[in-house]
Amino acid sequence: MSGPSAEFIPPARPVIGEAEIEAAVRVLRSGMVVQGPEVAAFEQEFADLVAGRHCVAVNSGTSALQLTLMALGFGPGDQVIVPSFSFAASANAVRLVGAEPVFVDIEPGSFCVDPAAVEAAIGPRTVGIMPVHLYGHPAAMDRIMEIAERHQLAVVEDAAQAHGAALAGRPVGSFGTAGCFSFYPTKNMHSLEGGMITTGDPQLARTLRLLRNQGMEQRYANEIVGANMRMTDVAAAIGRVQLGQLAEWTEQRRANAKFLDSRITGMVVPPVADDARHVYHQYTVRVTGDRDAAQRRLTELGIGNAVYYPTPIHRLTPYLSEDGTPGPWDLPETERAAAEVLSLPVHPSLSEGDLERIAEGANLAGGL
């Protein structure tokens, strides 16, 4: 096992190669830099990833979530069911439109929202469900869609971490009323910064296009009150390059995960549900011993690692009750996951030697 002098293995390594640089320079030289032909081409090409749905490019994954909730008309008095075990943006988008998140627990086997908990949380003010495809593992969309249809609720898929993930062969972003992707630099593909909304509803797609562009389709012909959440053509050009490499990168992530699964015995490797295609945005294990000690040991060995997420959303300051307590939520699997999860490197840049070091380091650290 290599010691601390070995080259550090980063937990993530965004790709910005010559092709991305050349694409950005080409757009800059064209002079058409905001929501032009590159954005339109990116939207068209991304549709192939989501079963041909309408695609609307925006400036971030959070904007994608917020604009979708706005387009659906969600606002004060409405409630949206959200897993607490996620990045804060999932719930922030609900709050940003004036609605309230209702936090529910996750399934221990996937880290994704528990459909039974979703159904139990539905009340008279519930208007939507936001399943999160966490770490690149698809949520149980078959069961979630059945619940949503029975209760006539909208479903907004938070697919920020799940480009190319699928359930029973159907891609995420093609199940719900809408799907929302992020192109932040650490994601499985990026555009430096950006987001994409997918929907099978052409009218919703048109509303989203209006909302991202000050409420207008034609210049100075504002139809509704909108925002400025456009994607630049520079971002779209980079995104197109990355999209062209996504399939190869995804297979490398899956192969890396398979290697780690076969070698790691000191920690609980990530489970994968039946019929699920996991794309491993994160390779997230469970540490049943001293996680802090395990992290320190991995860092000493030059192996990058991180906890996503140490504090469930319902325990974050903006979501506490007026008395400073977490509120009425009973989320035992969420609390357990927050105390045990640890993400190890799985990105496509890893060598076989890197993978061997990661596995050996995890086995050493898992025994602490």
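Procedures and definitions
Residues numbered from 1 in each chain as written. Predicted model: local features only at pLDDT ≥ 70, side-chain atom pairs only at ≥ 80, totals over all residues. Heavy atoms only, no water. Salt bridge = Lys/Arg side-chain N within 4 Å of Asp/Glu carboxyl O. Helix = DSSP H or I, 4+ residues; strand = E, 2+ residues; numbered from the N terminus. Pairing = 2+ DSSP bridges. Phe/Tyr/Trp six-rings, centres within 6.5 Å; stacked < 30°, edge-to-face > 60°. Buried < 20%, exposed > 50% of the residue type's maximum accessible area, 1.4 Å probe, protein only. Lys NZ or Arg CZ within 6 Å of the ring centre and 35° of its normal.

Chemist: Kindly report on the pattern of salt bridges, identifying the contributing residues and their values.
Modeler: Between side chains of opposite charge, pairing is possible as soon as their charged atoms come close. On inspection of all chains with the given rule, the structure shows 18 salt bridges. With its nearest N and O atoms 2.8 Å apart, the salt bridge here joins Glu43 to Arg212. Highlighted residues: Glu43 in helix H2 (residues 37-46) and Arg212 in helix H7 (residues 202-212), separated in sequence by 169 residues. Residues Arg240 and Glu45 are paired through a salt bridge, measuring 2.7 Å at the closest nitrogen-oxygen approach. Placement of Arg240 in helix H8 (residues 233-263) and of Glu45 in helix H2 is noted, with a sequence separation of 195 residues between them.

Chemist: Can you break down the sheet that holds strand S6 (residues 166-167) residue by residue, with the values?
Modeler: Sheets are built from strands that pair by backbone hydrogen bonding, the pairs being arranged parallel or antiparallel. If you trace the three strands from one edge of the open sheet to the other, you get S7-S6-S10, paired in antiparallel fashion. The two strands at the open ends of the sheet, each matched to only one other strand, are strand S7 (170-171) and strand S10 (276-277). Sheet topology note: the S6/S10 ladder contains two bridges and is antiparallel. Counted as the bridge partner of Ala166 is Arg277 from S10.

Chemist: Just give me the short version of the packing of aromatic side chains, but keep the residues and values in it.
Modeler: The geometry of two aromatic rings is summed up by the distance between their centres and the angle between their planes. In the structure shown here, the tally under the stated rule is 13 aromatic pairs. Centroid distance Phe46 to Phe181: 5.1 Å. Interplanar angle 75 degrees. Geometry classified as edge-to-face. Separated by 135 residues along the polypeptide, Phe46 in helix H2 and Phe181 in strand S8 (residues 178-182) bring together distant segments of the chain. Grouping residues by exposure puts Phe46 and Phe181 together as buried. An aromatic cluster is defined as three or more aromatic residues linked by ring pairs; in this entry it consists of Phe85, Phe87, Phe111, Tyr135, Tyr308 and Tyr309. The aromatic ring of Phe175 is capped on one face by Arg170, whose charged end is 4.5 Å from the ring centroid.

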